[in-house]
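For reference, the chains in residue letters:
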Amino acid sequence: MITGVVSLTSGTLEVNGKISSLLELGAAFNPDLTGYENIYQHGQVMGLSDKEIKEKEQEIIDFADIGEHLSQPVKTYSSGMFARLAFACAINVDPDILIVDDMKSFLSKTNPDLLPDEVQQIIDTVKLVGAESDFATLHKVYGWMVNGMQFTPKDGLARMVNLIDFENPQNNIFCAVNQFSVEYTNNGKNEVRIPDILLYVNGLPLCIIELKSPSEPNAKIFNAYEQITIRYWRDIPHLLHYCPLACISDGVKTRLGTVRTPYEHFYAWRRVNDGDKVSTLPFEETKTMIKGVYSPVRFLEIFRDYIYFQDSEFDSEEKEIVCRYPQFFASRLLKQSIVKSVINKTGKGGTYFGATGCGKTYTMAFLARQLALRCTDIEEIGSPTIVMI
């Protein structure tokens, strides 16, 4: 049913990504084409670009191991040779990290003047992104997500293409994927890691959530942290390149951080709105996190304005943080107060008190970002000069 060999008689079934059924080995082959030609035909049927197929070609050839017969029509193959080539093609269709259909739909809708092959070119650029290190790649992709990508279409005029519409949240495609399998190679063997939940926006996995059962005595929230920051970075960094945010939970304790945040800096989100009473009841942390962070509008606000990377020249330090809830609400209130004081010309923007170690420096950094980038529609603010002492 999952691969479409058998149809559903009732209910619904949703499949995200590419799936190759071993029951359908060679179904995409044309008997009149050579083995080489069928490798490309199979890849195209599975939604791969020519560049992606080219990258997998040698692996397929090596696994099939049918030598010079690859240059001959498939109809001349023995059943064994046919099966070897078909199986080699099937196992080399990697599962998507991106939900390509969602990404294509969003880009086509928000850029109706782009041609289909231009949209595909943008998607291929995102899929094949790389930098000096895994962390530098994550930083680079985050910049694309927040600021857009520079792209030059066939008319020759460079432009910025947004991967996420922060101004109009309803234009985005939100999706939560449970138990997503990500393949990797370990000592020559194909293995998988299965993150519990991935949160996608327009086909991009922006947040990874790892869950542990509170009923399991040896399954602690710290184990969820280690799963992301140690094992996933070691085995499936190609997923984490797109996931700036991370959440760990055992159902009772639920903490928000990033894929590079030290464990002690994963924090609970204890209020949905400023002024809400903090509850200490069991499971309230999870409910508050869902409502306070993961409602679509709030999530996009946090993702764009409250994740901090140092300048790229400091990527070797691998520092990435996300705000705590007091920093989030303080930055919002301070921004409102400063804007009001500028408009009314009172000169009294406000005073912020914070205990030692509460992250006042980051709060000011988040506030500076708000004033510099999110007040352009307020004439009195204009382009402010901000001095931090």
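Scope of this entry: the structure provided in the associated data block. (Residues numbered from 1 in each chain as written. Predicted model: local features only at pLDDT ≥ 70, side-chain atom pairs only at ≥ 80, totals over all residues. Heavy atoms only, no water.)

### Here's the deal with the overall build of the protein
Line of reasoning, step 1. Secondary structure summary: the protein contains 12 helices and 11 strands in total.
Line of reasoning, step 2. Counting only C-alpha atoms, the protein reaches 85 × 60 × 45 Å along its principal axes.
Line of reasoning, step 3. Residues classed as buried in the protein amount to 44% of the 389 residues present.
Line of reasoning, step 4. Of the contacts made within the protein by residues no fewer than 6 positions apart, 61% connect residues no fewer than 24 positions apart.
Line of reasoning, step 5. With an accessible surface of roughly 20,600 Å², the protein has 52% of that area assigned to carbon and sulfur atoms. (Helix = DSSP H or I, 4+ residues; strand = E, 2+ residues; numbered from the N terminus. Buried < 20%, exposed > 50% of the residue type's maximum accessible area, 1.4 Å probe, protein only. Contact = heavy atoms within 4.5 Å. Areas by Shrake-Rupley, 256 points an atom, 1.4 Å probe, with all protein chains shown as cover.)

### Describing unusual backbone geometry
Line of reasoning, step 1. Of note, D65 is a non-glycine position whose phi angle comes to about 55°, a positive value.
Line of reasoning, step 2. With respect to the helices and strands, D65 occurs in the loop between α2 (50-64) and α3 (79-91).
Line of reasoning, step 3. Positive phi is not limited to glycine here, since N202 has a value of about 55°.
Line of reasoning, step 4. Of note, N202 is situated in the loop between β6 (197-201) and β7 (204-211).
Line of reasoning, step 5. Here N202 falls in the buried class, since its relative accessible area comes to 0%.

### Structural notes on the pairing of strand β9 (residues 254-258)
Line of reasoning, step 1. In terms of residue burial, β9 counts as a mostly covered element, since five of its five residues are buried.
Line of reasoning, step 2. In sequence, strand β8 (residues 245-249) turns back onto β9 through a hairpin of four residues, with G251 there showing a positive phi of about 90°. (Pairing = 2+ DSSP bridges.)

### Some remarks on the packing of helix α11 (residues 325-344) against helix α12 (residues 360-373)
Line of reasoning, step 1. The interhelical angle for the contact between α11 and α12, taken along N-to-C directions, is 45°, at an axis separation of 9 Å. Taken together, α11 and α12 sit at an angle that is classed as oblique. Our pair here, α11 against α12, has a crossing hand that is right-handed. Residues Q327, A330, S331, L334, K335 and I338 of α11 pack against Y362, T363, M364, F366, L367, Q370 and L371 of α12.
Line of reasoning, step 2. Among the residues forming the contact of α11 with α12, the class breakdown is eight nonpolar, four polar and one charged. (Axes fitted to C-alpha atoms, helices over the stretch in contact; angles between N-to-C directions. Parallel < 35°, antiparallel > 145°, perpendicular 65-115°, else oblique. Left-handed = near helix turned anticlockwise from the far one by under 90°. Nonpolar A, V, L, I, M, F, W, Y, C, P; charged D, E, K, R; others polar.)

### Things to note about the sheet that holds β6
Line of reasoning, step 1. Spatially, five strands are ordered β3-β6-β7-β8-β9 in an open sheet, and the strand pairing comes out mixed. The open sheet has two free edges, formed respectively by β3 (174-178) and β9, since each of these has just one partner strand. Neighbour to neighbour, the strand axes of the sheet diverge by 20° on average, direction disregarded.
Line of reasoning, step 2. Two elements, β6 and β7, share five bridges in a ladder whose sense is antiparallel. Paired with Y200 across the strands is P205, a residue of β7.

### Section: α2
Line of reasoning, step 1. The first and last C-alpha atoms of α2 sit 20 Å apart over 15 residues, in line with the 21 Å expected at 1.5 Å per residue.
Line of reasoning, step 2. Of all bends in α2, the biggest is about 40°, found at K56.
Line of reasoning, step 3. All of the buried residues in α2 are E52, I53, K56, E57, I60, I61 and A64.
Line of reasoning, step 4. A positive backbone phi angle near 55° is found at D65, which sits one or two residues after α2. (Expected span 1.5 Å × (residues − 1). Bend = angle between axes of the 7 residues up to and from the residue.)

### Considering the nonpolar core
Line of reasoning, step 1. Judged by nonpolar contacts, the single largest core of 76 residues is most densely connected at I208, W269, Y294 and F303.
Line of reasoning, step 2. Those residues in contact with W269, other than ones at most four positions away along the chain, are L256, T288, M289, G292, V293, R298, I302, C323, R324, Y325, F328 and F329.
Line of reasoning, step 3. In terms of nonpolar packing, the next biggest core, distinct from the first, is built from 15 residues, I60, A64, V74 and Y77 among them. (Core = buried A, V, L, I, M, F, W, Y, C linked by side-chain atoms within 4.5 Å.)

### Some thoughts on the packing of helix α4 (residues 100-110) against helix α5 (residues 116-127)
Line of reasoning, step 1. At a minimum axis separation of 10 Å, α4 and α5 run at an interaxial angle of 130°. The angle between α4 and α5 places the two elements in the oblique class. The two elements α4 and α5 meet at a crossing, and its hand is right-handed. For the pair formed by α4 and α5, the contact residues are V100, M103, K104, L107 and S108 on the first element and V119, Q120, I122, I123, V126 and K127 on the second.
Line of reasoning, step 2. Across the contact of α4 with α5, the residue classes break down as seven nonpolar, two polar and two charged.

### Here's the deal with the side chain of Q327
Line of reasoning, step 1. Within the secondary structure, Q327 sits in helix α11.
Line of reasoning, step 2. Judged by relative accessible area, Q327 falls into the buried class, the value being 3%.
Line of reasoning, step 3. With near-sequence residues (within four places) excluded, Q327 lies in contact with C358, G359, Y362, T363 and F366.

### Here's the deal with the packing of aromatic side chains
Line of reasoning, step 1. A complete count under the given rule lists 18 aromatic pairs for this structure.
Line of reasoning, step 2. Ring plane angle 75° and centroid distance 5.1 Å describe the contact between F328 and F329, whose orientation is recorded as edge-to-face. Take F328 and F329: they sit in the same class, and that class is buried.
Line of reasoning, step 3. Here the aromatic residues F135, Y142, Y294, F299, F303 and F309 are joined through ring pairs into a cluster of three or more. (Phe/Tyr/Trp six-rings, centres within 6.5 Å; stacked < 30°, edge-to-face > 60°.)

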